[in-house]
Amino acid sequence: MVTIYANQSGNTLFDAAAQAQQVLTISKLPLTITANSSSKTYGNAVTFAGTEFTAAGLVNGNTVTGVSLNSTGAAATATVAGSAYPIVASGATGTGLANYNISYNNGALTVNPKVLTITADNHSKTYGDVLIFAGTEFTSTGLINGNTVTGVTLTSTGAAATASVAGGAYPIVASAATGTGLNNYTISYTNGALTVGRRALTITADNKEKFAGTANPVLTVSYAGFANGESNTVLTTQPTVSTTAITTSPTGDYPITASGAAAANYTINYVTGTLKVKAGAPTNISLAGITLYENSAGGTNAGTLSSTSDDPSATFTYTLVAGTGDTDNAQFAISGNKINTAAALNFENKASYSVRVKSTTQYGLSLERVFTIALSDVNEIPTLAAINNQTICFTTAAQTVALTGISAGPETAQTTTLTVTSNNTNLFEALTVSGSGATGALSYRIKANAVAGTATVTVTVKDNGGTANGGVDTYSRTFVITINALPVVSISSDKGTTLSKGETAVLTATGGSTYAWANNSGIVGATGNAALTVRPNQTTTYTVTAKNASGCEQTQSFTITVLEDYAKIKGSNLLTPNNDGYNDKWVIDNIDFYPNNEVKVFDKAGRLVFGKKAYDNTWDGTYNGVPLAEGTYYYIVDFGNRTRVFKGYITIVRND
């Protein structure tokens, strides 16, 4: 506050006034101080001078000479990710600042990434090798604050085994660095260089040998060191091979040299070989025999041949040749240095064999010798003749199958036993086998509930010769027993089981493929069909035999009870005796089944015009041979024994 005083002195016109005072209040002026924004590179520390600001609102020459500035981003460890950091201003100093209300605005401190350079290390490798990078083959420049690069991805087209020498140097490309604090860097990568060196290839002249006086062998070389599955085809120039030996050179060792080869990816070294000139011919042939058993398959080894020669490096080939002692050459064959049988040999036919063998060196020099090969006896396989398959219709009766050709083989003094097995035991109630000498019998009986099925039956003959040394003491034959089911036959009647005398019924059989009815009274028509028409005059049983597709047959019977109830007696009431084949005779249906009948016919006046016992449907409307007049007549049918009497009328019509 300021006190203002006012004074007025008097003059000729006015009197002096008393002093007056007034209080003047002065308010502070707003002053805004704003910290300047700035940036730095990660890893640098920022020190503020206190002058990095702007002031707005100063008057009357007042000044701000400095402020206190601080920022969490000022430290060297402040990260890029934390940007921007506030720059906080406070504690302004200067002149006249008591007249101001000071407010502070923050500035912004931006941390920029530091440059980090990662350089892939240079490498070299040999052609054909695969270079695998561990990810640590690099150097880095620019890391601070304990930050690390723990690995990078390194690739190079020269890393493959197939990268050629001519293609180098190949760039080693670094990328995708990993580590700690790497977000604070701008990373640049510098390629390394991968150099591919030639691979060592050794060309060795192959050692050779020959007998004195013979032409030099073909000289060859061997290669060691090719990569990538390559061969000498990759050589731009093939090697030449030579030796100082000639056809007439004496025994001894002669150098074989290779030279002149060239290849893009290989450094070539040469190894000298040796041509040995030697002499030699077979001096002896030996057969290291082994026990040879009879009946061994063709190709069985009978012994191993060997030869000796003055030339310790001689090799030998063997052949069977004609000459003294070649009696059994055809029974044997030579494979390499093995003498083998050409076919199975039988001790019982021959026990000792003679062969003539020739041994020849690789230079054509030879020697011949005769050898004896002994054959050892072994037990030979028993015999049993083939057994035919059996097919029967189901029955529980015992069945027998004859067995023949049973023997112990050539060893006639041995004994044999027989056994039998089946793969379907549920089919058989009993299955046995027995034999004596060369014959035997297999017996079987089918289970009552088996009905049908098949079984493979195996009969085995065993002798007592044993199996030592490849002997065979058993022999088996198999055959199939087939049991076909019987047909299931049934008979039905279209009239049931009871008929009135004179009535006709049709019996129908089912369950078979063909049918045969047994002869019996009352059969009408054929008996070879499923259906049979019958007209029995008494209770009768009819029997059919049905056969199915397997040829199995079964019989079935059906009984019809015949009633003498006169229910089917019926007289015709019309007679037209004009010989046209219709109603020419007076017919009483089924009268033939009642032979004890008596028939009488009367005219309207009651006179008897016809009468007959055991009437047989033959009356033609005449009286004593004279045709009766047209009209109505009356009949009585009497069956006697006080049984039922039938009455009715007949109308005679004559249409001449």
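Residue numbers run consecutively from 1 along every chain, following the written order of its sequence. Reporting in this predicted model follows two pLDDT cut-offs: at least 70 for local features of residues, and 80 or more for side-chain atom pairs to be given and counted; totals over whole chains, interfaces and linings ignore these cut-offs and use all residues. Excluded from the side-chain calculation are hydrogens and water; included are all heavy atoms of the structure.

In the nomenclature of an unreviewed UniProt entry, the chain is known as Gliding motility-associated C-terminal domain-containing protein of Pedobacter africanus.

Draft legend 1. Just the overall build of the chain, in detail. Helix and strand content of the chain: 0 helices and 55 strands. For this measure, only C-alpha atoms enter the radius of gyration; the expected value for a globule follows 2.2 Å times N^0.38, where N is the number of residues. Against the compact-globule benchmark of 26 Å for 656 residues, the chain has a radius of gyration of 67 Å, which places it well outside the compact range. If one aligns the C-alpha atoms of the chain with their principal axes, the spans along those axes are about 210 × 140 × 55 Å. Here's how the labels work: a residue is buried when its accessible area is under 20% of the maximum for its type, exposed when over 50%, partly exposed in between, all with a 1.4 Å probe on protein chains only. Out of the 656 residues in the chain, the part that is buried amounts to 32%. The contacts of the chain with a sequence gap of at least 6 include a subset with a gap of at least 24, amounting to 60%. Method for areas: the Shrake-Rupley scheme with a 1.4 Å probe, in which residue coverage is limited to the protein chains shown. When the accessible area of the chain is evaluated, it comes to approximately 34,400 Å², of which 51% is carbon and sulfur surface. Helix and strand definitions follow DSSP, with helices as H or I runs of at least four residues and strands as E runs of at least two, each counted in order from the N terminus. Whether two residues touch is decided by their heavy atoms; if any such pair falls within 4.5 Å, the residues are in contact.

Draft legend 2. Fine view of the UniProt feature "domain: Cadherin" (unreviewed entry) in the chain. Per the UniProt annotation, the sites labelled "domain: Cadherin" (unreviewed entry) are residues 290-384. As annotated, residues 290-384 has a helix share of 0% and a strand share of 47%, and its two end C-alpha atoms lie 33 Å apart. UniProt positions are given in the numbering used here, feature names are shortened, and annotations may be inferred rather than shown by experiment.

Draft legend 3. Representation of the sheet that holds strand β3 (residues 29-35) within the structure. Spatial strand order, β5-β3-β8: 3 strands in an open sheet with mixed pairing. Taken across any chain shown, the strands that pair with only one partner, and hence form the sheet edges, are β5 (53-56) and β8 (100-105). Each strand of the sheet is rotated relative to its neighbour by a mean of 20°, with strand direction disregarded. Bridging between β3 and β5 involves 4 bridges; their strand directions are antiparallel. Across the sheet, the residue bridging to Thr-34 is Thr-54, located in β5. Only strands joined by at least two bridges in the DSSP assignment are considered to pair. Axis angles are defined between N-to-C directions and span 0 to 180 degrees, where every axis is a line fitted to C-alpha atoms and, for a helix, only to the segment in contact.

Draft legend 4. Expanded view of the state of the cysteines. By disulfide we mean two sulfur atoms from cysteines, separated by a distance within 2.5 Å. Throughout the structure, instances matching the rule amount to 1 disulfide. At a sulfur-sulfur separation of 1.9 Å, the disulfide partner of Cys-393 is Cys-552. Measuring the twist about the S-S bond at about -95°, one finds the Cys-393-Cys-552 disulfide to be left-handed. With Cys-393 in strand β32 (residues 390-393) and Cys-552 in the loop between β45 (540-547) and β46 (553-563), the pair connects residues that are 159 residues apart, well separated along the chain. Under the relative-accessibility criterion, Cys-393 is labelled partly exposed at 25%.

Draft legend 5. Spotlight on unusual backbone geometry. Cis rather than trans, the peptide bond between Ser-83 and Ala-84 has omega equal to -10°. Relative to the assigned elements, Ala-84 resides in the loop between β6 (63-70) and β7 (85-95). You will see that Asn-295, though not glycine, has its phi angle at about 65°, which is positive. By the element assignment, Asn-295 lies in the loop between β25 (292-293) and β26 (301-309).

Draft legend 6. Region of the structure containing the pairing of strand β35 (residues 428-436). Where β35 and strand β36 (residues 439-446) come together, 8 bridges link them in antiparallel fashion. In the sheet register, Ala-430 faces β36, and the bridge partner there is Arg-445.

Draft legend 7. The packing of aromatic side chains, seen in detail. Here the aromatic set is Phe, Tyr and Trp, taking the six-membered ring for Trp, and pairing holds for ring centres within 6.5 Å; pairs whose planes are under 30 degrees apart are stacked, those over 60 apart are edge-to-face, and all others are tilted. Inspection of the entire model under this criterion finds 16 aromatic pairs. With a centroid separation of 5.5 Å and 80° between ring planes, the pair formed by Tyr-42 and Tyr-185 is classed as edge-to-face. One end of the pair, Tyr-42, is in the loop between β4 (38-41) and β5; the other, Tyr-185, is in strand β15 (residues 185-190), with 143 residues separating them in the sequence. The buried category is assigned to Tyr-42, whose relative accessible area is 2%. Three or more aromatic residues joined by ring pairs form one cluster here, namely Trp-586, Phe-610, Tyr-615, Trp-619 and Tyr-635. The ring of Phe-593 is capped by Arg-535, whose NZ or CZ atom sits 4.3 Å from the centre of that ring. Definition used: whenever NZ (Lys) or CZ (Arg) falls within 6 Å of the ring centre and also within 35 degrees of the ring normal, the charge is taken to sit over that ring.

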